[in-house]
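# Architecture at a glance
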Amino acid sequence: MDFALTDEHRMVQHMVKGFAQKEVAPIIKEYDRKQAMAPFVLPRMGELGILGICLPVRYGGQGMDYIALGLACEELEAVDSTLRVVMSVHVGLNSLALLQWGTEEQKEQFLVPQARGEKIACFGLTEPGAGSDVAAMDSTARLSGDKYIINGEKMWISLATVADHALIVARTNPDASDPHDGLSAFMVELDRPGVSCGDIHGKLGVRAGSTGWLAFQNVEIPRQNLIGEEGEGFKIAMSCLDNGRYTVAAGATGLIRASLESSVKYAGERRAFGREIGKFQLVQQKIAYMVQSFEAAQLLYLRAGWMKNQGVRNTRETSLAKWFATDASFDAASEAIQIHGAYGYSDEYDVERYLRNAKGAILYEGTSEIHQLMQAGFALGYRDDVPLRCELPPFDLDAWRSE
Ligand SMILES: Cc1cc2nc3c(=O)[nH]c(=O)nc-3n(C[C@H](O)[C@H](O)[C@H](O)COP(=O)(O)OP(=O)(O)OC[C@H]3O[C@@H](n4cnc5c(N)ncnc54)[C@H](O)[C@@H]3O)c2cc1C
């Protein structure tokens, strides 16, 4: 067992941290207040190669492994969750699905520009009437000649109004005896006639990010935009979540670390009853719990990343990492506010933003309740992983670096 990061991993941490801390941290409060995404963020992440960090060089990526993806997410969310959300949807839920399920033509058409940051990608699963219960979705895709015609609405879609491509799931067979088997996955170019989109305002958190809706009215897409086979949509969506949840777990680890660092700093500065508050055992206890959560969350996501590198199925481990880290990040942010007292309650400090952002991650990519059901299901033997027709390819240095 080797717990050491490589020099390349440390280089990724250093580069991503430099971007997040020097370029985004100084302006994040302004954009959080404005409830808008800073316009330079996506182009800059593309320029730095962050948007294709773990993708093979021949598909426009940087040729790093899945652990590098996790480390990047940890550094990004240590500054603001909106930065990590970009990675979750663009890389985790979309580009990695193309790597896993796409044909060579689909990789050339969609993955290459996404990995280079020339096109931005999102993921449309949730609908107004279907969240946790994915198979209850109403969107449809009907084959007509060599085209699919898409109708329906997707809700709560991160990057909906800034993305060029969406990976969506829609119902192709309304008569399937199990509704899960009637779903299929598609790549949709969002400039096609019949696509409309909008932003959702008034969110509790991820305010410096984009969350919106997508509507499809008789949108025609070529038959070649079907990802995988007809009827595989639910399996593809769940495999996307195995990758998206990994990025959420890693990011939430960064949020715990940010709460810990802010708390340590403040506890060393603020004085009460003639001494710095860090000297009080009740404050120390909060700090100790943050240390515990951070270390455990980091180990859990790194294990999941290591399993991805080996090509070992990690649905259970990734779900556990995501559930643990997101719940722990909310607790850490809440306790960080407590340590900051009234100052923590205002946006003069970052900790109130951490709390607002942390809540979102307990909802998306499987609510905590869904992860509890999954963990209990695995433990009780009620569920097991069924092998997929296409698994996420294991990291292979030579293959990832070859042109
Ligand atoms: C900021 C943000 C960004 C998002 N980005 C995306 C995105 O990019 N793409 C996308 O497709 N979706 C996205 N979502 C949607 C998100 O994935 C859903 O909100 C989530 O799946 C939960 O669905 P729901 O909100 O419809 O809640 P519901 O499924 O209606 O659940 C409501 C409550 O009931 C509980 N519940 C439901 N079923 C059970 C059960 N069987 N047992 C116990 N409790 C249960 C839930 O845990 C929850 O507490 C985003 C959401 C947010 C908040």
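Preceding this paragraph is the structure being described.
The paragraphs below set out a description of the structure included in this document. Note that the structure is predicted; figures quoted are calculated from it, not measured.

### Considering the site of the ligand
Around the ligand, the surrounding shell holds 18 residues, and the nearest of these are Thr126, Ser132, Trp156, Thr367 and Glu369. In this structure, Glu369 approaches the ligand through a side-chain N or O atom, which is 2.8 Å from an oxygen atom. In isolation the ligand has 980 Å² of accessible area, and contact with the protein removes 64% of it. Contributions of two or more residues to the shell around the ligand are made by β1 (121-124), β3 (147-158) and α11 (368-380). Ranked by residue count, the leading element in the shell around the ligand is β3, at three residues. Residue composition of the shell around the ligand, by class: nine nonpolar, seven polar and two charged.

### Things to note about the environment of Ser334
Following the sequence through the fold, Ser334 ends up in helix α9 (residues 315-344). Sequence separation between Ser334 and Glu352 is 18 residues; the distance between their C-alpha atoms is 8.0 Å.

### A few points about the nonpolar core
Counting 93 residues, the largest nonpolar core has Met45, Met87 and Phe186 as the members making the most contacts within it. Tallying contributions element by element places helix α5 (residues 81-101) first for this core, with eleven residues. If we ignore the near neighbours within four places in the chain, the residues touching Met87 are Met45, Ile50, Leu51, Ile53, Leu69, Cys73, Leu76, Gly92 and Thr247. Listed in part, the 23 residues of the second largest apolar core include Leu260, Val283, Met290 and Ile339.

### Some details on unusual backbone geometry
A positive phi is found at Trp156, a non-glycine position, where the angle reads about 65 degrees. Within the secondary structure layout, Trp156 lies in strand β3. Unlike most non-glycine residues, Val206 shows phi in positive territory, near 35 degrees. Here Val206 lies in the loop between β6 (195-199) and β7 (211-222). The class of Val206 is buried, set by a relative accessible area of 14%.

### Some remarks on the packing of aromatic side chains
Within the structure shown, the criterion is met by seven aromatic pairs. Seen in terms of ring centroids, Phe273 and Phe280 are 6.4 Å apart; in terms of plane orientation they differ by 85 degrees. Their pairing is edge-to-face. Look at Phe273 and you get exposed, because its relative accessible area is 80%. According to the relative accessible area criterion, Phe280 is partly exposed, its value standing at 24%. With centroids separated by 5.5 Å and ring planes inclined at 70 degrees, the aromatic side chains of Phe395 and Trp400 adopt a geometry described as edge-to-face. Between Lys34 and the ring centre of Tyr31, over which it is positioned, the NZ or CZ distance is 4.2 Å.

### Let's talk about the side chain of Gln375
Position of Gln375 among the secondary structure elements: in helix α11. Given a relative accessible area of 12%, Gln375 falls into the buried group.

### Regarding the pattern of salt bridges
The tally for this structure, following the rule as stated, stands at 25 salt bridges. Measuring nitrogen to oxygen at the nearest pair gives 2.7 Å for the salt bridge that ties Glu74 to Arg257. You can see Glu74 sitting in helix α4 (residues 66-77) and its partner Arg257 sitting in helix α7 (residues 233-269), a full 183 residues away along the chain. Per residue, the accessibility class of Glu74 equals that of Arg257, and both read buried.

Conventions we followed
Residues numbered from 1 in each chain as written. Predicted model: local features only at pLDDT ≥ 70, side-chain atom pairs only at ≥ 80, totals over all residues. Heavy atoms only, no water. Near = heavy atom within 4 Å. Polar contact = N/O pair within 3.5 Å; in protein donor to acceptor, adjacent residues only side chain to side chain. Areas by Shrake-Rupley, 256 points an atom, 1.4 Å probe, with all protein chains shown as cover. Helix = DSSP H or I, 4+ residues; strand = E, 2+ residues; numbered from the N terminus. Nonpolar A, V, L, I, M, F, W, Y, C, P; charged D, E, K, R; others polar. Core = buried A, V, L, I, M, F, W, Y, C linked by side-chain atoms within 4.5 Å. Buried < 20%, exposed > 50% of the residue type's maximum accessible area, 1.4 Å probe, protein only. Contact = heavy atoms within 4.5 Å. Phe/Tyr/Trp six-rings, centres within 6.5 Å; stacked < 30°, edge-to-face > 60°. Lys NZ or Arg CZ within 6 Å of the ring centre and 35° of its normal. Salt bridge = Lys/Arg side-chain N within 4 Å of Asp/Glu carboxyl O.

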